[in-house]
Number of protein chains: 2
Amino acid sequence: MPTKQKVLLLGATGATGSSILDGLLETHQFDVEVLVRPGSVEKPSVQQIKDRGVPLRVADLNASEEELVSILQGIEILISAIGPHDLLQQKTLVRAAKSAGIKRFTPCAFITIAPPQGTMLLRDEKEIIYNEIKRLELPFTVVDVGYWHQISFPCLPSGRVDYAALVPNTTIHGDGNAPNILTDIRDIGRFVSRIIADDRTLNKYVYTWGDILTENEILNVAEELSGEKVERQYESVQEMEKRLEDAQSSLSLDPTDPGKRTLVYITQYVYSKYVRQDNQPRYAKYLGYLDARELYPDFKPISFREFFTEVLDGKGKRPYGH
Amino acid sequence: MPTKQKVLLLGATGATGSSILDGLLETHQFDVEVLVRPGSVEKPSVQQIKDRGVPLRVADLNASEEELVSILQGIEILISAIGPHDLLQQKTLVRAAKSAGIKRFTPCAFITIAPPQGTMLLRDEKEIIYNEIKRLELPFTVVDVGYWHQISFPCLPSGRVDYAALVPNTTIHGDGNAPNILTDIRDIGRFVSRIIADDRTLNKYVYTWGDILTENEILNVAEELSGEKVERQYESVQEMEKRLEDAQSSLSLDPTDPGKRTLVYITQYVYSKYVRQDNQPRYAKYLGYLDARELYPDFKPISFREFFTEVLDGKGKRPYGH
């Protein structure tokens, strides 16, 4: 039997990271460890990981390259699902990964398809890390997942799906006909487990998807499955642009405020998905992405329809909720 | 007979551009026009192009997007071989190309393989343009050519190849064993003519090459063909780093000085080629480039050996010389 590949995961307690951890453990194909920051070791979410028998490696990401190299000892694959405000903290880790001979680094991507520069602040900071990876010729795979089923469904008049909604929402953006790449958050880790073990994805960008749906299609599915009629609210392109401008000008007055950054992230997602209509297969392929469903035709992702049926059955779970 | 594709070339009087013009005309496959700036129309080099029956379109690159759109009327393929100091002037042209429905834009690339960001100022500015292209989903092809045969040969003790040398040179950088992608400048246009008519290269990066040679291999060829013994001079990694630092700190005092910029370009080329050793197929493939020789196995490029034989026979030509 071949020895299992040693994978180290950073950000394992986050929404994306915990899906990745589950996906990695599920396959029994990897020796998985998680990288946690000193201040997080005692957190219940980290202790839960430890209780599942997953070894912890503790490191301050602001440590020296040398220290991080020693932390990475024996690791073959490094996956980062670091939080959106800490992306640039991956810089030293990238250099350490190169020095430590990491065979594949999967930097924190896991977002919608978007231009490399100038449209989404979140994407721009990821690009800085990708460029550092490329400068060092570090073997890499970028995995983007589109938007999650879990934050793409409308609320119903009965209120019966509100328990699972991050933000109650029945808004149609523009004409509601922009197709969007959607992945169930639980599938992220399953996709990642395939992708990181695949020679075809080395030094490539890959996107995953469970469905490609417009907001109108999503609403139709929700109405059909629930038997309820959703009252649509519309937000025009002009309104989306105005919201984006307001969020950006507010951030420009206070560039490090996490709340204001988050608001820019959210309004830029909206702008990118519904005005520019970036988050779709055509644009992903233009940008050079591989399609994970073409790579793994046997993979059966969770469809939006399956996901929403679960939510109607009371089996949904609010993202980021503990 | 199918109608010929309409190609517009910017920078046709430059070293790279004139190779591209020759290559495009040679195939009789394209309707070629050249884009010239108002101040250049009367230049002898432009008049020579006109005398070859090539129509001129005259435009100021700082004109409005609308004006540039009207200039691009009827063009299918737009190639830019703009000079190294004017790269960012392509910005409005890129937007105009999108609005005009250009089917393929080949932005000014045509350099060595190098990281997208942070190693070569020249490459960094090209990346700004590539990112703008991608933001607009403008169909594109990036073509890089490595270093030219014409600026890669050593001078001989007899002085008989000095007439063709841009700068007399017998320096070995480091240990002289860094492999480098080399293309004869006359082949650039021939490669480009193939590449821009090829569906496989749409939205891709491609590198061309006539030879992959180290400085030691180049010197061996030169000595063998000439029968002369070249006295090697060596420049250490430390010396190359020092030269680069000096050039960069000099430019930082006067960031727009063209002479200082040129010196930074040159020292960064040296650093990238011989210290980092970027300009080689392995790194090009890592970055996602296609190999033009794999795409066109029937293409017979001019080898360095053939090129240097011509130079010894007195048939060489100093680059940039008029």
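Residues numbered from 1 in each chain as written. Chains lettered and ligands numbered in written order. Predicted model: local features only at pLDDT ≥ 70, side-chain atom pairs only at ≥ 80, totals over all residues. Heavy atoms only, no water.

(A) Main features of the side chain of E215(B). All names here are of chain B. Its place among the elements puts E215 in helix α7 (residues 215–226). Among buried charged residues, E215 stands out as having no salt bridge; its nearest opposite-charge side chain is K273, 6.4 Å away. Side-chain polar atoms of E215 contact the backbone nitrogen of H173, separated by 2.7 Å. Ignoring anything within four residues of it in the chain, the contact list for E215 reads T171, I172, H173, G176, A178 and Y274. (Helix = DSSP H or I, 4+ residues; strand = E, 2+ residues; numbered from the N terminus. Buried < 20%, exposed > 50% of the residue type's maximum accessible area, 1.4 Å probe, protein only. Lys, Arg positive; Asp, Glu negative; His and termini not counted. Salt bridge = Lys/Arg side-chain N within 4 Å of Asp/Glu carboxyl O. Polar contact = N/O pair within 3.5 Å; in protein donor to acceptor, adjacent residues only side chain to side chain. Contact = heavy atoms within 4.5 Å.)

(B) Region of the structure containing the sheet that holds strand β5 (residues 104–106) of chain A. Residues and elements named next belong to chain A. Strand order in this open sheet of five strands is β3-β2-β1-β4-β5, and the pairing throughout is parallel. The open sheet is flanked by β3 (56–58) and β5, the only strands paired with a single partner. On average, adjacent strands in this sheet sit at an angle of 20 degrees to one another, irrespective of strand direction. Here strand β1 (residues 5–10) pairs with strand β2 (residues 30–36) via six bridges, running parallel. Opposite L8, over in β2, you have E33 as the bridge partner. Sheet strands touched by helix α1 (residues 15–27): β1, β2 and β4 (77–80). Its angle to β2, the strand with the most contacts, is close to 155 degrees. (Pairing = 2+ DSSP bridges. Axes fitted to C-alpha atoms, helices over the stretch in contact; angles between N-to-C directions.)

(C) Fine view of the sheet that holds strand β1 (residues 5–10) of chain B. Residue and element names in this part refer to chain B. With parallel pairing, the five strands of this open sheet are ordered in space as β3-β2-β1-β4-β5. Each of the sheet's edge strands pairs with one partner strand only, and the pair in question is β3 (56–58) and β5 (104–106). For this sheet the average axis-to-axis angle between neighbouring strands, irrespective of direction, equals 20 degrees. Here four bridges tie β1 to strand β4 (residues 77–80), and the two strands are oriented parallel to one another. The partner of V7 across the bridge, within β4, is I77. Sheet strands touched by helix α1 (residues 15–27): β1, β2 (30–36) and β4. Its angle to β2, the strand with the most contacts, is close to 155 degrees.

(D) Representation of the interface of chain B and chain A. Contacts between the two partners involve 20 residues from chain B, matched on the other side by 20 residues from chain A. Summing both partners gives a buried area of about 1,600 Å² for chain B against chain A, and 48% of it is carried by carbon and sulfur. Of all residues in chain B, R135(B), E137(B) and Y286(B) bury the most surface against chain A, accounting for 44% of the area lost on that side. Inspection of the region where chain B meets chain A yields two salt bridges. Applying the counting rule to chain B against chain A returns 10 residue pairs in polar contact (both at pLDDT 80 or more). Top element by residues in the side of chain B that touches chain A is helix α5 (residues 121–135) of chain B. It accounts for five residues. Split into classes, the residues belonging to the side of chain B that touches chain A amount to nine nonpolar, five polar and six charged. (Buried area = accessible area lost by both parts, 1.4 Å probe. Nonpolar A, V, L, I, M, F, W, Y, C, P; charged D, E, K, R; others polar.)

(E) Quick peek at the side chain of R57(A). Within the element layout of this structure, R57(A) appears in strand β3. For R57(A), the contacting residues outside a window of four places in its chain are K6(A), L8(A), E33(A), V34(A), L35(A), V36(A), I71(A), L72(A), Q73(A) and I75(A).

(F) The arrangement of the packing of helix α4 (residues 90–99) of chain B against α5(B) in detail. Residues and elements named next belong to chain B. Taken N-terminus to C-terminus, the directions of α4 and α5 make an angle of 20 degrees; their axes are 10 Å apart at the nearest point. In this view, α4 runs roughly parallel relative to α5, as classed from their interaxial angle. Both α4 and α5 take part in a crossing whose hand is right-handed. Residues Q90, K91, V94 and R95 of α4 touch α5, and the partners they reach there are I128, I129, E132 and I133. A per-class count over the contact of α4 with α5 returns four nonpolar, one polar and three charged. (Parallel < 35°, antiparallel > 145°, perpendicular 65-115°, else oblique. Left-handed = near helix turned anticlockwise from the far one by under 90°.)

(G) Representation of the nonpolar core in the model. Membership of the largest hydrophobic core comes to 196 residues, with the highest contact counts inside it found for I79(A), F110(A), F308(A), I79(B), F110(B) and F308(B). Dropping the residues within four chain positions of it, F308(B) is found in contact with F153(B), P154(B), L156(B), V161(B), A222(B) and L225(B). (Core = buried A, V, L, I, M, F, W, Y, C linked by side-chain atoms within 4.5 Å.)

(H) A look at the packing of helix α7 (residues 215–226) of chain A against helix α12 (residues 304–312) of chain A. All names here are of chain A. Here α7 crosses α12 at 45 degrees, and the two axes come no closer than 10 Å. As judged from the angle between their axes, α7 and α12 are oblique. Crossing handedness for the pair α7 and α12: right-handed. The residues of α12 that touch α7, namely those facing I218, V221, A222, E224, L225 and S226, are F304, R305, F308, T309 and L312. Of the residues belonging to the contact of α7 with α12, the class tally is seven nonpolar, two polar and two charged.

(I) Structural detail: the relation of the copies chain B and chain A. By a simple turn and slide, chain B fits onto chain A: the slide is 0.0 Å along the axis, the RMSD is 0.0 Å, and the turn is 180 degrees. Overall, the copies show the geometry of a two-fold rotation axis. Ranked by how close their C-alpha atoms come to the rotation axis, the residues of chain B are headed by G288(B), at 4.5 Å. Looking at the interface residues of chain B, 100% of them are also at the interface in chain A, so both copies use one shared face. (Least-squares fit on C-alpha atoms with pLDDT ≥ 70 in both.)

(J) Structural context of a nonpolar patch on the surface. All names here are of chain A. A cluster of nonpolar side chains, contributed by L166, V167 and Y320, occupies part of the molecular surface with about 310 Å² of accessible area. Along the chain, V167 falls in the loop between β7 (147–148) and β8 (171–173). Accessibility expressed as a relative area gives 56% for V167, which makes it exposed. (Patch = residues over 30% accessible without salt bridge, like charges linked within 9 Å, V, L, I, M, F, W, Y side chains within 5 Å. Areas by Shrake-Rupley, 256 points an atom, 1.4 Å probe, with all protein chains shown as cover.)

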